[in-house]
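Chain residues, written in single-letter form:
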Amino acid sequence: LVFQKFDTDFDGEVHKDDMPAMILYLGARKSPPDAMRLVEVQTRYATLNYEEFVEFLGKYRDWDVAKLREEFKIADKDGGGFLDFEELYTLLKEMGYAPTLQSATEAMEAVDVDQNGQMDLVEFDGLREYLRKTEGLPKADVAELRTLYDKATNGSDATNREPAAEEVWRLTTFLGYSCGVQDIHDIAKVVDEDGSSALSFEELMKLIRLIREQEKDLMVKEFAAHGSNPDTLPIEDLGLALQDLGYFVSEDSVFEILETLGNLHSEDALNLEEFSTFMRRYRITEGFTEVEREELEDAFHKNKVNGRDALRTLDVGRVLRWFGFSKTVQEVQSLVRWIDFDCSGELELVEFFKLMRRMYQDESRLRYQIFDSFANRNTDEIPVSAVSSILTALQGCEPSMEFAVKALEFIAADIGQGKRRDSVEEAATSETVPTVVGEEGETSKEATKDAAKSVAFLNRPNFEAFCRYYRHSLVDELHANAGYTKSEVANLRSSFQTYDKDGSGTVERAELAKMLGEYFPDSTKSKEGQKDIMLALAEVDKDGNGELDFREFLLLMRKCDDARDAKDLRLELEVVMECELTSEEVEGFRQIFSENIDWKGELGLETLVNLLGRVVEFTVETAEDLARMVQEVHPEGREVARFPQFLRLIKKLTQDNYNHVNEFALRVVRREQAMKDKSSRY
């Protein structure tokens, strides 16, 4: 198999310069310096056939055993012919295997035939072979990786699959590693020496091992950058080191994980082995505290429907809104597909935890980057005067300054009282603003506001605390507004007030029917849709007075939105099957659609013309043709497209090669690829 992999031109021969790479591929941890010498002695030709390759492996094996005997003898301090676990573990690290304590213990248990806790030379050779096969990964990690791999490949061998770097990155991110796409691409090149882009399970294990080794090298650099001892990392700098490595873990979670490590070599620092154990515990917990995991699990079980032990897209969207992540149904679909390796269309509890970890990590990473962009490089602080701009960058819309002021008041109180709150809820859920002592010794809300004004700068920990307080208020508001964001509520309130003729704060059912006809015309034109709306009306109009106030109106809109989203998802499945679209095509079109929709989740005709105008020249006639086609694909003949209609429209345009759209699109793709290739060279 290895010979075939490196025989890229299928001529039955491999180049002798490939021997070191082939040895590494077979499990050696360091590039063997004598590999080229051995092959040079064996043949004066540039290539080897299969029989010559087997002969080379025999000679390399003899050299390898002799080298192993020499290293074993040096490590055997007392000359007794055995290594205890400590000697064995040290030798493994010197040989480049660098297993964790857990994987080394498992390997020793597997090959220590007489179970005496010691290794002779033969047993040690077997242990080394065991680590080669498992790539030094613990059993639990190998089992998790196998399950994930089987899901991703539908249980097939996948030898001929050619996953892109983005696919491999998706898998490693699922496992909890922070490597970027380019990092994964570079590591994959090392694993895939023949350049075939095929990813077998064994190669995936090699890739994970190399990721861990790369991360360990970065850990060593972090140890050197913090504190006076390069062999340890001060616990007070642990959060900063994690951020530098690409992990954003809350302070509460850090302390909780530290407690699980047991007795450390030092009370105020971690050595490299302890830090590696910390990272393993982080991946097991997904970076959540026990309380957070219980809250997530509770939300998961509350939102399951139809007795299934999993969440479907609409359920996921509902849970995301509860935790403060407002996403369109198309954005949720993309998230589900990203995490759903077996393509079941639903998320089990483990997958749900992975998704939530990604959501919080992405949010934390953005905060980290934005803080850096605004912070003074000398003091690592941001001015409070920049809070509005920072929140705008974080949210992508105008922030709530009321919540910002409240959060600053909490920070001022914390600073003034020199305390760290155990939770956001301790402060943010209180009915009163936290108080500080004024100059005269009195406590008052005004004194707190004065303290807030006195906080001119925020360091990174205070900024993180500020964001937690601010976010808590936003989530509370989201709950109160049926899961709608501030900007969505503003749009809905404007419409509500248009129909609230007398300014009473309520809308009668007769007027409400007109409003629903404007926002949900598809539903109001069918008997089934009208029936669903009437049931929803009866459910939200608790007092049965035939009028809806704004809060009741928001609840009704949420129910109607959810019903429309459910219909869209059903239609999407039908269209995908009807048009024979691949999942990659669907996700590509989904991204384009999501980037251009209005707040109702639709593409209007003008937007479609502008969007397609990038690849097609539009005249008055072609614009009229497009309008006709949009009406044809829409079930109600409207000049708008939701995602299922957008898919049908694109399929129709490309199938008919409308106005030479295929040729134009191909030129655009080639131009963009050329620009990408050019930029990558600089």
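As the structure is a computational prediction, the values presented were derived from the model and not from experiment.

Trainee: Lay out the overall build of the protein with the relevant residues and their values.
Mentor: Of regular secondary structure, the protein possesses 33 helices and 14 strands. Looking at the protein as a whole, 45% of its 682 residues are labelled buried. Of the contacts made within the protein by residues no fewer than 6 positions apart, 64% connect residues no fewer than 24 positions apart. Just so you have it, the protein exposes about 35,600 Å², and 51% of that area is on carbon and sulfur atoms.

Trainee: Explain the nonpolar core residue by residue, including any values.
Mentor: L145, L238, L242, F275 and F278 are the most contacted members of the largest nonpolar core, which has 63 residues in total. Broken down by element, the residue count for this core peaks at nine residues, all from helix α11 (residues 201-225). In contact with F275, other than residues within four places in its own chain, are M219, F223, L233, L238, L242, L245 and L270. Of all hydrophobic cores here, the second largest spans 25 residues; its members include L394, F403, F410 and Y470.

Trainee: Give a description of the pattern of salt bridges that names residues and reports values.
Mentor: Under the defined criterion, the tally for this structure stands at 43 salt bridges. Between R357 and E286 there is a salt bridge, and its shortest N-O distance comes to 2.8 Å. Of the two residues, R357 sits in helix α18 (residues 349-374) while E286 sits in the loop between α14 (272-285) and α15 (290-302), which places them 71 residues apart along the sequence. The class for R357 is buried, based on a relative accessible area of 6%. The partner of E346 in a salt bridge is R308, and the shortest N-O contact between them spans 3.0 Å.

Trainee: Would you mind going over the packing of aromatic side chains in detail, with residue names and values included?
Mentor: Under the defined criterion, the tally for this structure stands at 23 aromatic pairs. Relative to Y282, the ring of Y247 has its centre 5.3 Å away and its plane inclined at 75°; by these criteria the two rings are edge-to-face. You can see Y247 sitting in the loop between α12 (238-244) and α13 (251-260) and its partner Y282 sitting in helix α14, a full 35 residues away along the chain. When its relative accessible area of 1% is taken as the criterion, Y247 is described as buried. The exposure class assigned to Y282 is buried, which follows from its relative accessible area of 3%. When the ring of F248 is compared with that of Y368, the centres are 5.2 Å apart and the planes differ by 65°; the resulting orientation is edge-to-face. Separated by 120 residues along the polypeptide, F248 in the loop between α12 and α13 and Y368 in helix α18 bring together distant segments of the chain. Three or more aromatic residues link up through ring pairs in this structure, and these residues are F56, Y60 and W63.

About the criteria used
Along each chain, residue indices are assigned from 1 in the same order as the chain's sequence is written. The model is predicted, so local features are restricted to residues of pLDDT at least 70 and side-chain atom pairs to those at 80 or more, both for listing and for counting; the totals for chains, interfaces and linings are taken over all residues. Note: side-chain values were computed over all heavy atoms of the structure, leaving out hydrogens and water. Helix and strand assignments follow DSSP, with helices taken as H or I runs no shorter than four residues and strands as E runs no shorter than two, numbered in order from the N terminus. Whether a residue is buried, partly exposed or exposed follows from its accessible area with a 1.4 Å probe, protein chains only, as a fraction of its type maximum: under 20%, in between, or over 50%, in that order. It only takes one pair of heavy atoms within 4.5 Å for two residues to be counted as in contact. Only the protein chains shown count as cover for residues, with accessible areas throughout obtained via the Shrake-Rupley method and a probe of 1.4 Å. Residues grouped as a nonpolar core are buried Ala, Val, Leu, Ile, Met, Phe, Trp, Tyr and Cys residues, joined through side-chain atoms within 4.5 Å. Basic side-chain nitrogens of Lys or Arg form a salt bridge, by our definition, when they fall within 4 Å of a carboxyl oxygen of Asp or Glu. Ring geometry is summarised as follows: Phe, Tyr and Trp rings, the Trp one being its six-membered ring, pair when their centres sit within 6.5 Å, and such pairs are stacked at plane angles under 30 degrees, edge-to-face over 60 and tilted between the two.

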